[in-house]
Amino acid sequence: MNNLVITIDGPSGSGKGTTARGISKKLSLPHVDSGSIYRTVAYYLHGRDVSASDDEKIMQELNGFKMSYDTNNEVLLFDTNVEKHIRSRENSKYAFEYSRNPLIREFATKMQRELLQNGGILDGRDAGSVVAPDADLKIYLDCDVDERTRRRAKQHDITDAEEIAVLRREIIERDKADSDKGAASLHILPESVVVDTTGMSVDEQIDAVYQKALALMKI
Ligand code: DC
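Here we summarise the structure given alongside this text. (Residues numbered from 1 in each chain as written. Predicted model: local features only at pLDDT ≥ 70, side-chain atom pairs only at ≥ 80, totals over all residues. Heavy atoms only, no water.)

1. Here we look at the nonpolar core
Consideration 1: Core analysis: the biggest nonpolar cluster contains 22 residues, and Val41, Leu45, Phe65, Tyr98 and Ile104 have the highest contact counts within it.
Consideration 2: Elements with a minimum of two residues in this core: helix H2 (34-47), helix H3 (55-63), strand S4 (75-77), helix H5 (89-98) and helix H6 (102-115).
Consideration 3: For this core, the leading source of residues is H2, giving six residues.
Consideration 4: Among residues more than four places away in sequence, those in contact with Val41 are Leu62, Phe65, Ile104 and Phe107.
Consideration 5: With 17 residues, the next largest nonpolar core counts Ile206, Val209, Tyr210 and Ala213 among its residues. (Core = buried A, V, L, I, M, F, W, Y, C linked by side-chain atoms within 4.5 Å. Buried < 20%, exposed > 50% of the residue type's maximum accessible area, 1.4 Å probe, protein only. Helix = DSSP H or I, 4+ residues; strand = E, 2+ residues; numbered from the N terminus. Contact = heavy atoms within 4.5 Å.)

2. Section: the site of the ligand
Consideration 1: Close contacts around the ligand come from 14 residues, with Ser34, Arg39, Arg105, Arg125 and Lys181 the closest.
Consideration 2: Arg105 has a polar side-chain atom sitting 2.9 Å from an oxygen atom of the ligand.
Consideration 3: Between a nitrogen atom of the ligand and a side-chain N or O atom of Asp126, the distance comes to 3.1 Å.
Consideration 4: For the ligand, whose free accessible area comes to 450 Å², the fraction covered by protein is 96%.
Consideration 5: Where the shell around the ligand is concerned, the elements lending two or more residues are H2 and H5.
Consideration 6: Broken down by element, the residue count for the shell around the ligand peaks at four residues, all from H2.
Consideration 7: The residue inventory of the shell around the ligand, partitioned by class, reads three nonpolar, four polar and seven charged.
Consideration 8: Composition of the shell around the ligand by domain shows at least three residues from each of domain 1 (1-30 + 118-219) and domain 2 (36-101). (Near = heavy atom within 4 Å. Polar contact = N/O pair within 3.5 Å; in protein donor to acceptor, adjacent residues only side chain to side chain. Areas by Shrake-Rupley, 256 points an atom, 1.4 Å probe, with all protein chains shown as cover. Nonpolar A, V, L, I, M, F, W, Y, C, P; charged D, E, K, R; others polar. Domains from an automatic or database assignment.)

3. What to know about the pattern of salt bridges
Consideration 1: Per the counting criterion, the structure on display carries 15 salt bridges.
Consideration 2: What you see here is one network of salt bridges that share partners, running through Arg89, Lys93, Glu163 and Glu170. (Salt bridge = Lys/Arg side-chain N within 4 Å of Asp/Glu carboxyl O.)

4. Regarding helix H8 (residues 145-155)
Consideration 1: Residues of H8 that are buried: Val145, Glu147, Arg148, Thr149, Arg152 and Ala153.
Consideration 2: For H8, the secondary structure elements touched by its buried residues are helix H9 (161-178).
Consideration 3: With a side-chain oxygen lying 3.0 Å from the backbone nitrogen of Asp146, the N-terminal cap of H8 falls on Asp144.
Consideration 4: Where H8 ends, the next residue or the one after it, Asp157, has phi of about 55 degrees, a positive value.

5. Focus on the packing of H5 against H9
Consideration 1: Interhelical geometry of H5 versus H9 gives an angle of 20 degrees and a closest axis separation of 12 Å. On the basis of their axis angle, the class for H5 and H9 is roughly parallel. Read as a crossing pair, H5 and H9 show a hand that is left-handed. Counting all contacts with H5, which are made through Arg89, Ser92, Lys93 and Phe96, the residues of H9 involved are Glu163, Val166, Leu167, Glu170, Arg174 and Ala177.
Consideration 2: Counted by class, the contact of H5 with H9 contains four nonpolar, one polar and five charged residues. (Axes fitted to C-alpha atoms, helices over the stretch in contact; angles between N-to-C directions. Parallel < 35°, antiparallel > 145°, perpendicular 65-115°, else oblique. Left-handed = near helix turned anticlockwise from the far one by under 90°.)

6. Some details on the sheet that holds strand S3 (residues 67-69)
Two modes of strand pairing occur in sheets, parallel and antiparallel, and in both the strands are linked by backbone hydrogen bonds.
Consideration 1: What the three strands build is an open sheet, ordered S3-S4-S5; its pairing is antiparallel. Two strands lie at the open edges of the sheet, namely S3 and strand S5 (80-81), each paired on one side alone. (Pairing = 2+ DSSP bridges.)

Dropping the structure here:
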């Protein structure tokens, strides 16, 4: 199937990125990581002292903004690799804040559609609803909040119980906010295939989605 588009939506820490990366390798299709766009825009605008509500300045700055990906799919802001910076916990908060601005959502949506021109695996929150409503397959990855907290703690090398409790609260807050973005809200679409990844290993998770994709391609 040419130009196959698979969307993978789900809450923070459900394993969208890992799954999308794994599927993209198996199917030799690009992985379009929408979060990386929101993260990079936020990192850039925050660094330029532009507030998330200053539409005029945001428009100006986005006109000259240039991000791309290196061969490892790591983000280049202009020509500098900013992968580590955009993934920090601090920048996650900025990404969350800036991603609520409709101008930024419009910009990120356009960029995702361009990256998907020849097909791809798109992970996000509004991938199946807003960015690629005509996708061939729409996956919704779910996962229990405690397991998502454990995954995030591991990712950021956090072992202190109090810090883990803070992380859990942040995840719950983000879930709430992700469900409150109007048309771009995170929700299960009638056509979504729901995969609950609680208790699954990374390989099992990738395989569960891969099997759905294979079934689709045989049609
Ligand atoms: O998926 P992620 O954790 O890398 O996303 C970073 C932030 O960007 C997160 O706070 C939600 C926001 N985001 C969004 O609003 N819409 C998307 N499609 C992807 C991310």
